[in-house]
Amino acid sequence: MKISTSFLFDRATERMSSLQNKLATTQSQLSASKQVLSPSDSPEQAAAITRLQGQIDRQDSHSKLLKTSLNRYKAEETALRSANDLLIRLKELGVQAANDALGPSERKSVGVEMQAIRDQLVSLGNTQDDSGNYLFSGTRVSTAAFGKDSQGHIVYQGDQTPTQIPAGVERTVQYSRSGTDVFSRVVRSDKSSVGFFDALDQMISSVNSSNTSGIQQGLADLSQMHDSLTLSQAESGSDQNVVQQQLDGLDETTLRLKSSLSDVQDLDYTAAVTRMNKEMMALQAAMSSFSKISSLSLFQYIN
Amino acid sequence: MSDLLTIGSSGVTAYQHALVTVSNNIANVSTDGYARQDVSISANAPTPLGGSYIGSGSSFDRVRRQYDAFIESNLRSSNSDLKSQEPLLSYVNRLIDVMGDQNIGMTSAMNQFFESARSLASDAASQVSRSNFLRDSDGLAARFQQLSSQFELLDNETHQSIQADVGQVNSITKQLAEINRQLTKESSASRQPSELLDQRDLLLRNLSGLVAVKTQFAENGSVLVSMGDTLNQGILVRDSTSRDLSVQPSAADPTKLQFTIDAYGTPESLPVMTGGKIGGTMTFRDQVLSPAVDSIDNLAKSMVTQINSIHRDGIDAEGAIGADLFGFAAGQEGKAGGVRVIIQDSTRVAAASQFRIIDNPLNPGTALARIAYDTPQYAGPTSLATPLDTAQAPQIATLNRDVPANQGYSNLGLVRAGTQNLVMTLSNPSATQSLQVFTRDGRQLLGTDLSANNIGQSIVQAANGMEAGAVYNTDLLNAQPTASADPRYLDMDLFMGAKADVGTEMRFDPVTNKPIDPLAIPAKLTGRAVVGTDWQSAIAKAGAFTLNGVALKTPSALQSADPSVNNPPTDLAEWINNQGISGITATMENGALQITRTNTQQDIRLGLGANGTGADLATLGFDTSVYVGGAAKDDLLVFVTDTAPLPANAAPNSALSTATVTAQFQAVQGDLKQMLRAQSLQVTFTSDNQYEIRDKLSDTVLATRQLGNEAAPTIQFRGLTLSFSTHPKSGDQFTIDGNKDGIGNNDAMLKLVDLEKGKVMPGNQTMTEAYIEQVNKVGSVAKQAAISKQAMTVVNQQAQQARDGVSGVSLDQEASELVRFQQAYQANAKTMQVASQLFDAILQLR
């Protein structure tokens, strides 16, 4: 079958230009170090790339959120630790006051220190976080957790709704503790419930008036209060641990996703450079063979 | 004549023509569509000489056009196929570049939206988080608009490209018609000028690149071109006439295009376009772009609906119920390009939930409570029995209902919370028939005591619409307020008996004739004419009747208090007046008892006592009705009972008796959920396993129930679900309210965050997955088109090669032809020279 002259030239040019296209693509891949420059380069992978990128974004946003929430947990931890120290000091003072050897005026000075500690505990209960929300008010975050009523009693002004925050896929973590869980009521042996600060006030007035049975009751109350405070500390600590574990888990997942994405999207340099060399060689061969073959014409030999 | 000179000159002429033809081929080596011309030289007719024939030379016969119709038509169809893949591939690639791009595609905007929902959930009170949330909602709406406008761009571009191509088709067909006209000059194709036929074939090939065509060639080379399914449908060119093709948006669906031939003459519409550039663009429009647009619109619609329904369930920073977050611009409902954020004020973002539960700080137990609300699904009726549910004022409806013989009661339906001023009357009750009104917790509010024959227990079951764990309770039966306390259920105005309200009379200003404040008329209760003497035995029953809350004494009791009183009294009015009740007077009007108030503020209520029945009231001339004053504050279940002894072997579906019930109510306003929010409910554990639910405002006990022994129990009440972290203890108290000030609450926002993972799209997919699947679909079309294009290119090149093999000009071949004919020419010229030399020899003979 004969090849017409125009067909010969057309075909040669077509082949050379397609080789040049391939070479140009390889070159842009090398400079961008990506195999898939735009979704149309690899349409069957476009959906997978979009999905992986979305998942990576989601994990990042979960991480960011958890890191911010860790700050709040730290604020809570500090407040609880100080409250713990204060309660321990109160116990010491209580034991001291229960000592029969003390006289009324000495007891009064113990009472003064106890009152100061009690006021400090109230202000710890009203700790705020970085955004100005009260930590221990439940969901009434703009109101102080503990306030004074007209008789000077401390009343709880928050609510008990526990707040949860999203901590990952299908995972939420307890975020707030209400003031009445941390500074919780005492249940006395006669089954009556007395609030935290009310019990403290009763103990302080027993110390001031040297009422020994009141002081003994107060010591029993204090150990209950201390137990529930340490329980809250433990809960806060374990929530923090959960968040930290989540963060670590998220880091691993993100790493895995990023490497999947890179498998699809990023360039394998060795293969690309080899491919580029191959294509360059092919182009050179096409060009030089074209120049040789196109110069062959019967007219040159007829004279 | 056969002589040397003639023969030689015939050869010279012949080969001169041949050389001209060869040089024509060489000159047209690069002409588009040129078919190589070959010469055909034939021998002249021989002349007879003696016993044989001597040849007389050769002559140029004709130019033969090197042409194979089959190869040519093959090339045309492979050209159509190839040209249809090119626009498809390029547009699909553009589409997927748009949809899969980080900055235009939807996934990054959706992720950003849910990310700010998550960060709002972790700090619900913060104004900064709220305004960030609104900003990212705006970003989501804007991204929908952007994507939609990119689609629109592609739509317009493809439309314009199709229109331009259609114009080109029309100009080609006009030229073909002109060529056909010129071809009519000769009768056979082999006699037609080659150049004309070349032009015809080139035009046909260009046409096939635009649309797939069918052709038929006539004897003289003129062509019939058609576009339809068969050769006779959709004719574009026939003989010297061409028909124009045109394209418009279809009348049925403006997003689709419709092709018509000869729209202004005899229109012929084409069902579908295949092949060629136009076919490829149409395939893109119909099979790729249109479904992509639809899927984005569906995604937008779903997203807006789902987000709005969650948002409407929440409370914003000011304690108001959330409104719609997203909406559509006017005229663009249901389209992705119309998505807009409606809320502009960040305090209106609803993050909190509608209900809140508060543990009492002094609780002896350590259970933590959580609350959730879901629309309750009760068994039993959802409205009053037909036709009573249509009895909205001014309509009245009546129902005749059989009381089944195996049960002793019939369920008349549900009075929904919010129904106003319901009146339900039992006409002509027998001695044992009565209406009964229950709450969903089995508390009987109006009617007669049913504990004796277990009808009460059998009424209180889940199939009748009762809550799980409900128990028959008569604590509040017929409760009426006293001077010191108001024990009524939720302080609702409930009454059974006969009631008359204060009347009003219109008054008009005598001067201006305009209506002024109506005049209050004292309440007047009038019965039917009293018949016979049954009334005497009715009023002689102790504890049968009450009037305005005061028990009416029997005539004998009246007589023992005041011997001057008649026993029996002469008529009912005398009996009433003897009771000594202040504020009313009784008279007989035409044989009927009429009780009138002396003031214009209070109504008259003639009710039943503990021993009274509807039949007793009927002897006094009054029907027994159930009245709900104001709006019902909870769902009420109404029954009609017959306490007559049930027959031993009752046939199924047999009736104990028939009751005629009439009802009317004014509007139904408000719903149970908002009423629950307005109340403050208290759940108190009276023992470790028994609890009561009480409404704090009216101090009514709403339910008393038992709790199981499971470790983390739950309680259901009117759609609220309370879950406890451990088992509560006796003395624990929990308060439920409508969360009007808990702005740190983030339950609604948590539900919004869960929406990211929710399988709300058809095919059980999340929203992100549905979008990615659409990208995937477009991607696989792109992949397919790329593969098709490669295959078509190969086929086209083969066809091209085959055609060029027959009709193409090869310079080398022409060069050798040139040499051949040159030598032949020279040889023939030499023959002429020899002929002339021979003649010279003859001339030189002297």
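What comes next concerns the included structure. (Residues numbered from 1 in each chain as written. Chains lettered and ligands numbered in written order. Predicted model: local features only at pLDDT ≥ 70, side-chain atom pairs only at ≥ 80, totals over all residues. Heavy atoms only, no water.)

### Here we look at the overall build of chain B
So, step 1. What chain B contains, in helices and strands, is 15 helices and 40 strands.
So, step 2. Taking 846 residues into account, the globule formula puts the C-alpha radius of gyration at 28 Å, and chain B, at 50 Å, lies well above it.
So, step 3. In terms of principal-axis extent, the alpha carbons of chain B reach across some 195 × 75 × 65 Å.
So, step 4. Within chain B, the fraction of its 846 residues that count as buried is 48%.
So, step 5. Summarising the internal contacts of chain B: among those between residues at least 6 apart in sequence, 70% fall at separations of at least 24.
So, step 6. Total accessible area on chain B is roughly 38,000 Å²; 51% of this is exposed by carbon and sulfur atoms. (Helix = DSSP H or I, 4+ residues; strand = E, 2+ residues; numbered from the N terminus. Rg over C-alpha atoms; globule rule 2.2 N^0.38 Å. Buried < 20%, exposed > 50% of the residue type's maximum accessible area, 1.4 Å probe, protein only. Contact = heavy atoms within 4.5 Å. Areas by Shrake-Rupley, 256 points an atom, 1.4 Å probe, with all protein chains shown as cover.)

### Looking at helix H5 (residues 194-210) of chain B
So, step 1. Helix length check: H5(B), at 17 residues, gives a terminal C-alpha distance of 25 Å against a target of 24 Å (1.5 Å per residue), a fit within 8%.
So, step 2. With 13 of 17 residues buried, H5(B) lies mostly within the body of the structure. (Expected span 1.5 Å × (residues − 1).)

### Let's talk about the pairing of strand S7 (residues 235-238) of chain B
Residues and elements named next belong to chain B.
So, step 1. Relative to S7, strand S6 (residues 223-226) is paired through 2 bridges, and the arrangement is antiparallel. From the neighbouring strand, Val 225 faces S7, where its bridge partner is Val 237.
So, step 2. Across 2 bridges, S7 lies against strand S8 (residues 241-242) in antiparallel orientation. Each bridged residue has a counterpart across the sheet, and for Arg 238 the counterpart in S8 is Thr 241.
So, step 3. The antiparallel pairing of S7 with S8 creates a hairpin that spans 2 residues between the two strands, and Asp 239 there sits at a positive phi of about 50 degrees. (Pairing = 2+ DSSP bridges.)

### Some points on the packing of aromatic side chains
All names here are of chain B.
So, step 1. All chains considered together, the criterion is met by 23 aromatic pairs over all chains.
So, step 2. With a centroid separation of 4.9 Å and an interplanar angle of 55 degrees, the aromatic rings of Phe 724 and Phe 734 are classed as tilted. With a gap of 10 residues between them, Phe 724 in strand S39 (residues 720-724) and Phe 734 in strand S40 (residues 733-737) connect regions that are remote in the sequence. For the residue pair Phe 724 and Phe 734, the accessibility class agrees, reading buried in each case.
So, step 3. Lying across the ring of Tyr 67, Arg 65 places its NZ or CZ 4.4 Å from the centre.
So, step 4. Lying across the ring of Tyr 378, Arg 440 places its NZ or CZ 3.8 Å from the centre. (Phe/Tyr/Trp six-rings, centres within 6.5 Å; stacked < 30°, edge-to-face > 60°. Lys NZ or Arg CZ within 6 Å of the ring centre and 35° of its normal.)

### Notes on the nonpolar core
General note: in soluble globular proteins, nonpolar side chains tend to be found buried as a group.
All names here are of chain B.
So, step 1. Counting 81 residues, the largest nonpolar core has Met 424 and Phe 545 as its most contacted members.
So, step 2. In contact with Phe 545, other than residues within four places in its own chain, are Ala 538, Ile 539, Val 550, Ala 551, Leu 552, Trp 575, Gly 607, Leu 608, Gly 609, Asp 616, Leu 617 and Leu 620.
So, step 3. Counting residues in hydrophobic clusters, the runner-up holds 61 residues, among them Val 92, Met 749, Ala 770 and Ala 782. (Core = buried A, V, L, I, M, F, W, Y, C linked by side-chain atoms within 4.5 Å.)

### Side note on the interface of chain A and chain B
So, step 1. Contacts between the two partners involve 52 residues from chain A, matched on the other side by 64 residues from chain B.
So, step 2. Across the interface of chain A and chain B, roughly 5,000 Å² is buried in total on both sides, 57% from carbon and sulfur atoms.
So, step 3. Looking only at chain A, the three residues that lose the most surface to chain B are A:Lys2, A:Arg58 and A:Phe299, adding up to 12% of its buried area.
So, step 4. At the junction of chain A with chain B, the criterion picks out 3 salt bridges.
So, step 5. Between A:Arg58 and B:Glu756 there is a salt bridge; the shortest N-O distance is 3.3 Å.
So, step 6. On the surface where chain A and chain B come into contact, there are 20 residue pairs in polar contact (both at pLDDT 80 or more).
So, step 7. Sorting the residues of the side of chain A that touches chain B by element identifies helix H1 (5-32), helix H2 (43-98), strand S3 (164-168), helix H4 (179-182) and strand S6 (193-194) of chain A as the ones contributing at least two each.
So, step 8. The element that contributes the greatest number of residues to the side of chain A that touches chain B is H2(A), accounting for 14 residues.
So, step 9. Across the side of chain A that touches chain B, the residue classes break down as 18 nonpolar, 22 polar and 12 charged. (Buried area = accessible area lost by both parts, 1.4 Å probe. Salt bridge = Lys/Arg side-chain N within 4 Å of Asp/Glu carboxyl O. Polar contact = N/O pair within 3.5 Å; in protein donor to acceptor, adjacent residues only side chain to side chain. Nonpolar A, V, L, I, M, F, W, Y, C, P; charged D, E, K, R; others polar.)

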